[in-house]
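Here are the chains, one letter per residue:
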Amino acid sequence: MTTTQPEQSTVDISIFGDDIVERAQQIIARYPVSRSALLPMLHLVQSVEGHVSQAGIAFCAAQLELTTAEVSAVATFYTMYKRRPCGEHLVSVCTNTLCAALGGDAIYAKLREQLGTDGKPLGHEETAGEPGTPGSITLEHAECLAACDLGPVLQVNYEFFDNQTPESASELVEKLRNGEKPAPTRGAALTDFKQAELQLAGFFDGRDPADNAGPSASIETVRGAKLAQERGWTAPSMPDDAPLPALPEKK
């Protein structure tokens, strides 16, 4: 069995102070194998810088005794880890098949024009305004956001805004640029991108429990279950002695 030897990094990781090191160690303590902590730790470093920088890669590698190549392989595989600094808010527009057909493409085109400058539409994962400053917006088109019954949908810092139109999405983005934080259709109260990343790392500092009191499911999503309850529809339960298929032989 081989083990990974930690690298001697020359990248300055001083932006990650003792408080972040402590949180990194808390994340590691959640797992029996330290490398399993990489995904939440990448969210942690993203909560500091607003993206996963080379310093963030080096920090994770040092904390987990991995190579920077191993950390980079993960950070570049998942789209939630951004390699360029994000704005105060990340706006993700679903342009997968159903949302696109219902108007997602039109919403994305509208926001590109609205957030662009000098007649040039804003591109995918580009930012309107100085990244990280109040009112700055990073725009992206996203694959399925798992809300097909409510399309077209978009997310702001991963919170849902359902049944959108180009007009409602434009109004939402304008409010974000003006410092407002409109209530999502469901889920927790809106925060900024860095705070959302901190929560994805498992830390909820400064969050009032009331902020999480929003509806977690929509009327459309639970309509079938409600109809079944009202009409007494049930599915037959599986018998305790139901025969199971034989497992294939190992070769």
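About the criteria used
Residues numbered from 1 in each chain as written. Predicted model: local features only at pLDDT ≥ 70, side-chain atom pairs only at ≥ 80, totals over all residues. Heavy atoms only, no water. Helix = DSSP H or I, 4+ residues; strand = E, 2+ residues; numbered from the N terminus. Buried < 20%, exposed > 50% of the residue type's maximum accessible area, 1.4 Å probe, protein only. Lys, Arg positive; Asp, Glu negative; His and termini not counted. Charge placed at Lys NZ, Arg CZ, Asp CG, Glu CD. Pairing = 2+ DSSP bridges. Phe/Tyr/Trp six-rings, centres within 6.5 Å; stacked < 30°, edge-to-face > 60°. Lys NZ or Arg CZ within 6 Å of the ring centre and 35° of its normal. Disulfide = S-S within 2.5 Å. Core = buried A, V, L, I, M, F, W, Y, C linked by side-chain atoms within 4.5 Å. Contact = heavy atoms within 4.5 Å. Salt bridge = Lys/Arg side-chain N within 4 Å of Asp/Glu carboxyl O.

Asks: When you look at the overall build of the protein in this model, what are you seeing that I'm missing?
Replies: Within the protein, the regular secondary structure consists of eight helices and five strands. Along the protein, helices (α) and strands (β) appear in the sequence α-α-α-α-β-α-β-β-β-β-α-α-α when read from the amino end. Projecting the C-alpha coordinates of the protein onto the three principal axes gives extents of approximately 65 × 65 × 40 Å. Out of the 251 residues in the protein, the part that is buried amounts to 41%. Mean positive and mean negative side-chain charge positions of the protein (20 and 34 charges, respectively) differ by 4 Å.

Asks: Just to check I follow, could you spell out the pairing of strand β3 (residues 137–142) for this structure?
Replies: Residues in a regular strand project their side chains so that they alternate between the two faces of the sheet. In terms of burial, β3 is a largely internal element, five of the six residues being buried. Relative to β3, strand β1 (residues 89–94) runs parallel, the two being bridged by six bridges. Bridge pairing links His89 to Ile137 in β3. As judged from the three bridges shared by strand β2 (residues 126–128) and β3, these two strands associate in the antiparallel manner. Paired with Glu126 across the two strands is Leu139, which belongs to β3.

Asks: Is there a simple way to think about the packing of aromatic side chains in this case?
Replies: Any pair of aromatic rings gets described here by the distance separating the centres and the angle formed by the planes. One pass over the full model with this rule turns up three aromatic pairs. Aromatic pair Tyr78 and Tyr81: ring centres 6.3 Å apart, planes at 85°, arrangement edge-to-face. Relative accessible area serves as the criterion here: at 7%, Tyr81 is assigned to the buried category. Aromatic ring contacts, followed pair by pair, group Phe77, Tyr78 and Tyr81 into a single cluster. Stacked on the ring of Phe203, the Lys or Arg Arg30 has its end atom at 5.3 Å from the ring centre. Here the guanidinium or amino end of Arg186 rests over the ring plane of Phe160, the centre of that ring lying 4.1 Å away.

Asks: Help me understand the state of the cysteines in this model?
Replies: Linking two cysteines covalently through their sulfur atoms gives a disulfide. By the definition in use, this model includes zero disulfides. The cysteine Cys86 is free of any disulfide, with Cys60 supplying the nearest cysteine sulfur at 16 Å. Cys99 takes part in no disulfide bond, and the closest cysteine sulfur to it belongs to Cys94, at a distance of 3.7 Å. Assessed through its relative accessible area of 4%, Cys99 is described here as buried.

Asks: When you look at the nonpolar core in this model, what are you seeing that I'm missing?
Replies: Across soluble globular proteins, nonpolar side chains have a tendency to be buried as a group. Ranked by size, the top nonpolar core spans 25 residues in total, and within it Leu42, Leu44 and Val71 carry the most contacts. Looking at this core, the elements that each hand over two or more residues are α1 (18–28), α2 (38–49), α3 (54–64) and α4 (68–75). If you tally residues by element for this core, the top one is α3, at six residues. Setting aside residues up to four positions removed in sequence, Val71 forms contacts with Leu38, Leu42, Ile57, Cys60, Ala61 and Leu66. Counting residues in each nonpolar core, the second largest holds 18 residues, with Val93, Tyr108, Leu111 and Phe161 among its members.

Asks: How should the pattern of salt bridges be read in this particular structure?
Replies: Scanning the entire structure with this criterion turns up seven salt bridges. In this structure, the salt-bridge partner of Glu125 is Lys82, at a minimum N-O distance of 3.2 Å. In this pair, Glu125 is assigned in the loop between α5 (97–115) and β2 and Lys82 in the loop between α4 and β1, connecting sequence segments 43 residues apart. Overall, the relative accessible area of 26% leaves Glu125 in the partly exposed class. The class of Lys82 is buried, set by a relative accessible area of 4%. Here Asp162 and Arg186 are joined by a salt bridge, their closest N and O atoms 2.8 Å apart. Here Asp162 is found in the loop between β5 (159–161) and α6 (166–177), whereas its partner Arg186 is found in the loop between α6 and α7 (193–200), with 24 residues between them in sequence. Salt bridges sharing common partners tie together Lys82, Glu125 and Glu140.

Asks: In this structure, what is going on with the side chain of Gln63? I would like to understand it.
Replies: The topology assignment puts Gln63 in helix α3. The residues touching Gln63, leaving out its near neighbours within four places in the chain, are Val21, Ala24, Gln25, Ile28 and Met41.

Asks: I tried to follow the environment of Pro131 on my own but got confused; where do I start?
Replies: Its place among the elements puts Pro131 in the loop between β2 and β3. Taking the C-alpha atoms as reference points, Pro131 and Leu154, separated by 23 residues in sequence, lie 20 Å from one another.

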